[in-house]
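# Structure assessment
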Amino acid sequence: MTIASLRRSPQYLPRPLAKRAYSLPSRRTLVTVSPEHAKVTVGIRREDPSRIWERRCPITPDEVAQFVQHLDVNVLIQDCDRRVFPVDQFIKAGAKLHPTLEPAHIVVGIKETPLNELVTSPVSAPGLRSGPSIPRTHLMFSHTTKGQPYNMELLSRFLGPQENPLLPRLIDYELLVGEDGKRTVGFGWFAGVAGVLESLSALAHAHLELGVASPFLHTPRPHTHPSIPSLRSALRSIGQDIIDNGTPKALGPFVIGLTGSGKVTQGCLSILDELPIVNVAVKDLSGLVSNPDTDLHKIYLVHALPKDYLTRSDGGQYSRDDYYKNPAMYHSDFDTKVAPYLTLFLNGVGWLPSFPRLMTNKQLTTALTRATEVGRARFGTIGDISCDVEGGLEFLPRASTLSDPFFKHRPFSLPSHLPSVTIMSVDILPSSLPLDASQHFCGVLMPYLRALIDEYHGQPGSREHLEALNVATVTRNGELQGKHRKLAAPVEKWQASQTAEIASKAGVAETTLRKKRVLMLGSGMVAGPAVQEICKRSDVEIIVAGNVRSETEALTRKYSNAKAAYLDVHDVAEMTRLIQNADVVISLLPVPFHPAIAELCIQHRKHLVTASYISPAMRALHERAQSADVLLLNEIGLDPGIDHCSALSLLAQLKRDKKHVISFTSFCGGLPAPDCADVPLGYKFSWSPRGVLNAALNGARFKLNGKEMEISGENLLQEYFPDIPISHVLKLEGLANRDSLPYAETYGLGKLENLQTVLRGTLRYPGFSDLMHAFEVMGLLDTKTSIQLRDWRDLARMSLEKRIGEQIGNDCRSFLSALSTVMTIERAESALSALDWLGLAPEGVPCNILSVISLKPQAPIELFTSVLAHKLRYNPGERDMVVLSHEIVAQPSLSSIDSATEIHTSRLVAYGNSEASAMARCVGLPVAFAALEVLYGGVQMRGVHGPTDRSLYSAVLDGLQGAGLEMKESVSKGPGMDRVLTEGLRARGVAL
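Residues numbered from 1 in each chain as written. Predicted model: local features only at pLDDT ≥ 70, side-chain atom pairs only at ≥ 80, totals over all residues. Heavy atoms only, no water.

Named according to an unreviewed UniProt entry, the chain is Saccharopine dehydrogenase-domain-containing protein originating from Suillus subaureus.

Written out as structure tokens, the structure reads:
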């Protein structure tokens, strides 16, 4: 059953698209006929009748005449009385009316085609009434390339369950770019022009509500004039009025703020040039608006560029290259530096999820608070021409329409004493300038359309434009193309929703079409993003089971397809019942519980997904899991997890490029953001504190600069790398992470003896290792002894007593004296200062807001974990940071290492936000994406594994990219970081 069948027979649905692998088809040779008979037919669509303001047309009558008279092309056009060019003009130019455009080889429109008018059947080759059929091509702004749910049905019409050379090709204008990577076909400039006029009109209305009439009351709305020259003339008259009579004194200096540098912004600047504009710098705004002598016969324009309002979180200056490599390192100060001084704000800058917002909801409060202090009506009106809903301006709730172009809005977080803001956010602004916009669009589209016509004729067209058309192709031969293969997931999600809807209408019992069920064991720090992601699938139900009811209920209450369940992990019967009823089990419980859970999963033939390392006990279950046709998938969090996926993906690309790997170095760490790191250890906990302490006790093996090395657990915190050169800004140290040597085989790096370096490590801020080693030396990480506390200030003293076998006086001087017997006096004083901060120093301020101390003896590490979890927790408003960096040194052949070596880096820097920590997202989301891939049958391997299967790690990386957690790759020449790491160890006294 093909997807095309779906629209003919609503009782059936195709099998999910994600189940097959897509491949790029080879280029077709189109059928040709002799020139005198070969005519390609171009069809011009009418736009969706429900879009009442859409009057634009992709091809003008003049160009139709060129097609018919000089290119020997047939042109068909659908009748439409709303189009900016009357249909009679097209007929006069040589076009013919046709109700469906079914004979057309190439169908062009502006917006997406209405589903009931979409023609997907093949068409006869040019000039032939019968004979070989070929696929047609549709060009449009399809609004499918970001996985927009409302257009997945449209996209599904172009797809089949297997390659089908007769299904149509879909080309999206938005993807047509030049050699510089910039879009070449679009309406951005016209959006800028129209956006200025609509915003000025909205501003005048807002000022009327304040009791002030401004000259902009006479601003023409774009659709009320026949052309842009006419609009310019009207705005020029308003400018002359301002020169003659000034702007209202009650409003103070009239300041327009503008962001962006693309075509939208260029359009804004062009139309604003009709006013008496004076350009001002950001630094001059405060003085300008506070000066009573500022000339009110001018309009002041501040064109704020990123360098004016973006700042590195560590206080560094803006650099464009650095910003695009490390967007998470920056934050916007627009709310304090620019916004409070503006009369009107025009936003022309776009936004992507991995980049900082121009203004958050919280920053809107800051801006309006300051604006009320600056003067009347400041930052009261916003024209968001970019119209990214909840995007760069987080408080933008929706798009507006040309029929109702502006509205008042106040986010829930805005204090009641602050005013609402008036927002203009029309998302089809160029439609209000249909004549000028259509003429421009036709001009830039024609080279591509002519190349496509040549291709249908079987003639060599412009190579530059044909290549651009290939890049802009979303589907071809019934398959998603290139990077658009990731759209299989949202199409499948749409299919699933159709299945449920059809079943509901047909009265099918729920048991017949039961939702797929995921069981999540554990409700801790990283569960939230995983639950949220899984709940996006309407055909999936998740059960979150844990022993803290408040946590499981908080995680599930806002989702209709999530349920909470109470579970004591020692209740085997209840655990068994939950696992029996699941399709896939996710365990976020501590590692020691995983083998027992895996046993139950094997017994009941359920797949298991965990983020933890494969333990020996887990590995021992490999053959039994294989025999039971069960996958026990581990190591699919951050580290391990994203590190594996990204490394395997990069290494696979190097292998395809026939590159030989010389060295592999990978470091990863979850840290506080630099502005939140001024605490002992330079560390805060976004996941299990006990896990962090345990990691500090693990031994490590690795190969560095040709030498295999082994560090015992007791020496790990001494033999660390004092400098990890992965950032020009962040100063970081590193600890070797467990046994790196097996990864030579796991990653397919080649024989270990042929590799210079194989090293995986953990990142920390400088000072972490020395201080943690001091804690270890004084016994705070001891797992074997136990102590019973009466006061938290006794913890360090009693732990040290156990370590040295002597009693210590309960005062700072005695404790420091004893501590200096196991470390230098400088280290002892530094450690005592940290203990004092933690509330653990004798005679210090006690850590007295913790829960009641247990009366039973406990290991020092357990008690210390409790203290760190409390004292080094993230406070409201603080954020964490994840840094992951791979460095692979490779060369084109097996020749000796020389200057031909290449440094391939792949890096991720992510920051936490108000919804979730970076660690929670970087652990929870890979778990969710992997579990869903397993759930839908996309992973065929069985037994105990990490994420080494290509279909799995590709799906996880695609999901992460969609969530704004994309690995950024780069290539440079020269040696790797081996030398720096080697010198660092040598400086630490490690024998090499």
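Let's shift gears to the side chain of Asp782. Mapped onto the elements, Asp782 comes out in the loop between α25 (768-777) and α26 (795-804). The side chain of Asp782 is buried and forms no salt bridge, while Arg803, the nearest opposite charge, is found at 4.2 Å. At 2.8 Å, the side chain of Asp782 forms a polar contact with the backbone nitrogen of Lys784. Once you skip the residues sitting within four places of it in the chain, Asp782 turns out to touch Arg803, Ala859, Pro860 and Ile861. (Helix = DSSP H or I, 4+ residues; strand = E, 2+ residues; numbered from the N terminus. Buried < 20%, exposed > 50% of the residue type's maximum accessible area, 1.4 Å probe, protein only. Lys, Arg positive; Asp, Glu negative; His and termini not counted. Salt bridge = Lys/Arg side-chain N within 4 Å of Asp/Glu carboxyl O. Polar contact = N/O pair within 3.5 Å; in protein donor to acceptor, adjacent residues only side chain to side chain. Contact = heavy atoms within 4.5 Å.)

All right, on to the packing of aromatic side chains then. The full count for this structure, using the stated rule, is 24 aromatic pairs. With a centroid separation of 5.0 Å and an interplanar angle of 65°, the aromatic rings of Phe141 and Tyr173 are classed as edge-to-face. With Phe141 in strand β7 (residues 137-141) and Tyr173 in the loop between β8 (169-172) and α5 (188-209), the pair connects residues that are 32 residues apart, well separated along the chain. No difference in accessibility class separates Phe141 from Tyr173, as the two residues are buried. What links up through ring pairs into an aromatic cluster is the set Tyr318, Tyr323, Tyr324, Tyr330 and Phe355. Above the ring of Tyr743, the side-chain terminus of Arg760 is found at 4.4 Å from the ring centroid. (Phe/Tyr/Trp six-rings, centres within 6.5 Å; stacked < 30°, edge-to-face > 60°. Lys NZ or Arg CZ within 6 Å of the ring centre and 35° of its normal.)

Walk down a regular strand and you will see the side chains alternate between the two sheet faces. In terms of burial, strand β30 (residues 757-764) is largely enclosed, as 8 of its 8 residues are buried. Burial along β30 is two-sided: the face carrying Thr757, Leu759, Gly761 and Leu763 and the face carrying Val758, Arg760, Thr762 and Arg764 are both buried. Looking at chain direction, strand β26 (residues 660-672) and β30 are connected through 6 bridges and run parallel. Opposite Ser663, over in β30, you have Thr757 as the bridge partner. Where strand β29 (residues 733-736) and β30 come together, 4 bridges link them in antiparallel fashion. Following the sheet pairing, Glu733 is matched in β30 by Arg764. (Pairing = 2+ DSSP bridges.)

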